[in-house]
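# Inside the fold
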Amino acid sequence: MKSLMLGNKAIARGLYEAGVCFVSSYPGTPSTEITEEAVKYDEIYCEWAPNEKVAMESAFGASLSGKRSFCAQKHVGLNVAADPLFTMSYTGVNAGLVIVVADDAGMHSSQNEQDSRHYAIAAKVPMLEPADSAEALTFTKKAYELSEQFDTPVLIKMCTRVAHSQSVVETGKRQEHDKPYEKNIAKYVMMPGNAKKRHPIVEARTQALKEFAETTELNRIEMGGTELGIITSSTSYQYVKEVFGTSASVLKLGMVNPLPEQKIRDFAAKVQKLVVVEELDDIIEQYVRSLGLTVSGRDILPGIDEFSQNIVAKAFGRDVTTGETLEDAIPPRPPVMCAGCPHRGLFYTLQKKKCTVLGDIGCYTLGAVPPLSAMDMTLCMGASISAAHGFNKMRGAESSDKTVAVIGDSTFIHSGMTGLANVAYNQSPSTIIILDNSITGMTGHQQNPATGLNIKGEPAGRIDLESLCRAMGFARVRVVDPYDLKATEAAITEELSAPEASVIISRRPCALLKKVKHKAPLAVDREKCIGCKACMRIGCPAISIKEGKAHVDITLCVGCGVCEQLCPKQAFASTAQD
């Protein structure tokens, strides 16, 4: 049956048809929907893991048991999971194990642009790269065959455009697979004596994979005009086909590690000029150069951001398609925290107190944008607590009474606990604020170990954050409601002045959760409003200034009352009927 599917949904369908039984992932755009779609199949056990390393290790355990397994993460998530990945290359697998890494060229929702092909090369594992949803499904099934044929984990590299675009796929039936578990210390116990013997096996496997790359249908030559030959993959292939049609010949690579040497040489011999079109790093191009072939690529195409049809066309001197332009310039619409976001009151207070705020990865990173501008650093998941410790250790009392780390509940579970242990163990007088909005908000409301619900919304084990922090050695642990500005400021003031480390849990559920019951929206009494714009300092999208007076959009307002606490004239009032 044919149907229209997102690339991520097609991956999930491929998991189903391949007979996968176990999926463990950590949500990260643009990979999140794969696991959210996979959980809809009753035959597949799915879970959200605390972080990507745990997810990959769990998937390895499922593979070891004899069941086909899977995990997914975004590109920076693979950084977290790199440790097990590199050693899994040595151990190999039992049942098939496939790993999706979703890159984010253009940084639509990421802190860097990172090319995950480097991981496949460094770990010496095969990597497939689909160019549309149909290939996402078929490549997933093929990846499991390769995993078991070559005794290796297999990476599938997705990107934002393939993950979040739709194309037609043809679905098939599920095929069950089961392998027995057999104890094999030499294969799976990676102490030095065993690992030394496994390395030659990895090298022999790499050579076998190189030979496979030469003949597999994953890599194909599409001959057209012979004046120009283009080597490409993924979405770049789609742009090339739209720009050139059959006027150029194309070597379309679906297996991007290892690359097919002889196929590339044969293709180059058939064309007059050879060009590589690839997003981000010039990995294919440098490989082609290493073969002694003359090739262009990075000299005409950028190594940053996403490509497009127009970027490719312009690079080759072709006509660029231009659409109609609007007469009026569209004003920028930067992302902002939602109306009623529980983080807004906290960041307003931190800004008011002129705190140095070491931030983390989450929707609360928006606390860095105007008008709050209340964040000094964001690096990676969990880094806020560790950085605050180092900052305060070096700057001493001059910083510890003004410096805080902020981290979300899901991010804290992901990789903040070890940083908190470091604060407790090495004793810096740091104030850590856990922003507990009862969900993993940034990636679209996934559950996590602190919510008490599993991926299906069923009751699950729940980590008590207060008890955990006390167990880690913190005597000062307190909970505040960030909607209460006075209480929030008092808590921050007291904990910053304390001579020892402390934890503040800023607890209020995300305003977008369906289970949250909001108060009636507020309205402004225009007679009382003096137009001082004090309410605008929190950057709430529900508040604007019209004709010199504050105005509330009642379709956005959730009645949180934060603006009400800022108004010197008590001009805000509830619209609730008595």
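Each value, and the rule that gives it
- Each chain carries its own residue numbering, running from 1 in the direction its sequence is written.
- For this predicted model, a pLDDT threshold of at least 70 governs which residues receive local features, and a threshold of 80 or more governs which side-chain atom pairs are given and counted, while totals over whole chains, interfaces and linings are taken from all residues.
- To obtain the side-chain values, all non-hydrogen atoms of the structure were used and water was disregarded.
- UniProt positions are given in the numbering used here, feature names are shortened, and annotations may be inferred rather than shown by experiment.
- Strands are treated as partners if at least two bridges between them are detected by DSSP.
- Secondary structure elements follow DSSP: runs of H or I of four or more residues count as helices, runs of E of two or more count as strands, with numbering from the N terminus.
- To define axes, lines are fitted to C-alpha atoms, for helices over the stretch in contact only, and angles between the resulting N-to-C directions are given on a 0 to 180 degree scale.
- Each nonpolar core is a collection of buried residues, namely Ala, Val, Leu, Ile, Met, Phe, Trp, Tyr and Cys, held together in the definition by side-chain atoms within 4.5 Å.
- Burial here depends on accessible area, computed with a 1.4 Å probe over protein chains only, as a share of the maximum for the residue type. Under 20% is buried, over 50% is exposed, and the range in between is partly exposed.
- Contacts are assigned to residue pairs that have any heavy atoms within 4.5 Å of one another.
- Put simply, two rings from Phe, Tyr or Trp (the six-membered ring, in Trp's case) pair if the centres are within 6.5 Å, and we call them stacked under 30 degrees between planes, edge-to-face over 60, tilted for the rest.
- Counting of polar contacts relies on pairs of N or O atoms within 3.5 Å, with two restrictions inside protein: one atom must be capable of donating a hydrogen and the other of accepting it, and residues adjacent in sequence are counted only when both atoms are side-chain atoms.
- Any Lys or Arg side-chain nitrogen located within 4 Å of an Asp or Glu carboxyl oxygen qualifies as a salt bridge.
- A domain assignment, automatic or from a database, supplies the domain bounds used here.
- Two parts lose some accessible area (1.4 Å probe) when they are put together, and adding that loss for both gives the buried area.

Going by what an unreviewed UniProt entry lists, the chain is known as Indolepyruvate oxidoreductase subunit IorA and is assigned to Selenomonas ruminantium. According to the UniProt record, the Function (unreviewed entry) comment for the chain is "Catalyzes the ferredoxin-dependent oxidative decarboxylation of arylpyruvates." UniProt, in the comment section headed Subunit (unreviewed entry), describes the chain in these words: "Heterodimer of the IorA and IorB subunits."

## A few points about the sheet that holds strand 13 (residues 273-277)
In a beta sheet, neighbouring strands pair by backbone hydrogen bonds and run either parallel or antiparallel. Sheet architecture is open: four strands sit in the order 9-11-10-13, paired in mixed fashion. Looking at which strands have only one partner, the edges of the open sheet turn out to be strand 9 (219-222) and strand 13. Put simply, the sheet's adjacent strands are angled 15° from each other on average, direction ignored. Bridge count for strand 10 (residues 228-232) against strand 13 is five bridges, and the pairing is parallel.

## A word on the nonpolar core
Counting residues in each nonpolar core, the largest one holds 62 residues, and the members touching the most others are F347, L350, V406, F412, I433, V503 and F572. Setting aside chain neighbours within four positions, we find V406 in contact with F347, L350, V357, L358, G359, D360, Y364, M375, S384, I433 and L435.

## Section: the packing of aromatic side chains
Summed over the entire model, instances satisfying the criterion amount to six aromatic pairs. Ring geometry for F150 and F212: centres 5.6 Å apart, planes at 70°, overall edge-to-face. Of the two residues, F150 sits in helix 7 (residues 133-150) while F212 sits in helix 10 (residues 192-215), which places them 62 residues apart along the sequence. One exposure class covers both F150 and F212, and it is buried. Ring centres of F244 and F316 lie 5.0 Å apart, and the angle between their planes is 85°; on these two criteria the pair is classed as edge-to-face.

## Here we look at helix 11 (residues 234-244)
At 3.6 residues per turn, the α-helix brings residues three or four places apart onto the same side. Buried residues dominate helix 11, accounting for eight of its 11 residues. Taken together, the buried positions of helix 11 are S234, T235, S236, Y237, Y239, V240, V243 and F244. The first or second residue beyond helix 11 is G245, which carries a positive phi of 60°.

## Describing the side chain of T91
For T91, the position within the fold is in helix 5 (residues 82-91). A polar contact is formed between the side chain of T91 and the backbone oxygen of M88, at a distance of 3.3 Å. Once residues lying within four places of it in the same chain are set aside, the contact partners of T91 are F60, D151, K187, Y188, M190 and R198.

## Re the pattern of salt bridges
Using the criterion set out here, one finds 31 salt bridges in the structure. The closest approach of N and O atoms between K40 and E37, which form a salt bridge, is 3.2 Å. A residue is classified by how much of its surface remains accessible, and K40, at 57% relative accessible area, is exposed. Judged by its relative accessible area of 17%, E37 is buried. R117 is the salt-bridge partner of E278, the closest N and O atoms lying 2.8 Å from each other.

## Focus on the UniProt feature "binding site: [4Fe-4S] cluster 1" (unreviewed entry) in the chain
Under the UniProt annotation, the feature "binding site: [4Fe-4S] cluster 1" (unreviewed entry) is placed at C529, C532, C535 and C567. Maximum C-alpha separation among the annotated residues is 10.5 Å over a sequence range of 39 residues, consistent with a single clustered spot. In this structure, C535 sits in the loop between strand 20 (522-524) and strand 21 (543-546). Exposure remark for C535: the relative accessible area of 6% places this residue in the buried category.

## Description of the domain arrangement of the chain
Taken domain by domain, the chain comprises domain 1 (2-214), domain 2 (219-316), domain 3 (342-507) and domain 4 (522-574). Inter-centroid distance (C-alpha atoms) of domain 3 to domain 4 is 28 Å. Taken together, the contact between domain 3 and domain 4 spans nine residues of the former and 11 residues of the latter. When domain 3 packs against domain 4, close to 850 Å² is buried across both sides, 62% of that on carbon and sulfur atoms. The largest share of the area that domain 3 buries against domain 4 comes from R344, Y348 and Y483, three residues that together contribute 62% of it. In this structure, the connection of domain 3 to domain 4 is made through zero salt bridges. Summed over the shared surface of domain 3 and domain 4, the result is five residue pairs in polar contact (both at pLDDT 80 or more).

## Some remarks on the sheet that holds strand 18 (residues 476-480)
Read from one edge to the other, the open sheet built from six strands follows the order 15-14-16-17-19-18, with strand pairing classed as parallel. In this open sheet, the two strands that pair with only one neighbour each are strand 15 (377-378) and strand 18. The pairing of strand 14 (residues 356-359) with strand 15 spans two bridges and is classified as parallel. Each bridged residue has a counterpart across the sheet, and for G359 the counterpart in strand 15 is T378. On top of the sheet, helix 18 (residues 409-426) reaches strand 16 (403-408), strand 17 (431-436) and strand 19 (502-507); it is set at about 135° to strand 16, its chief contact.

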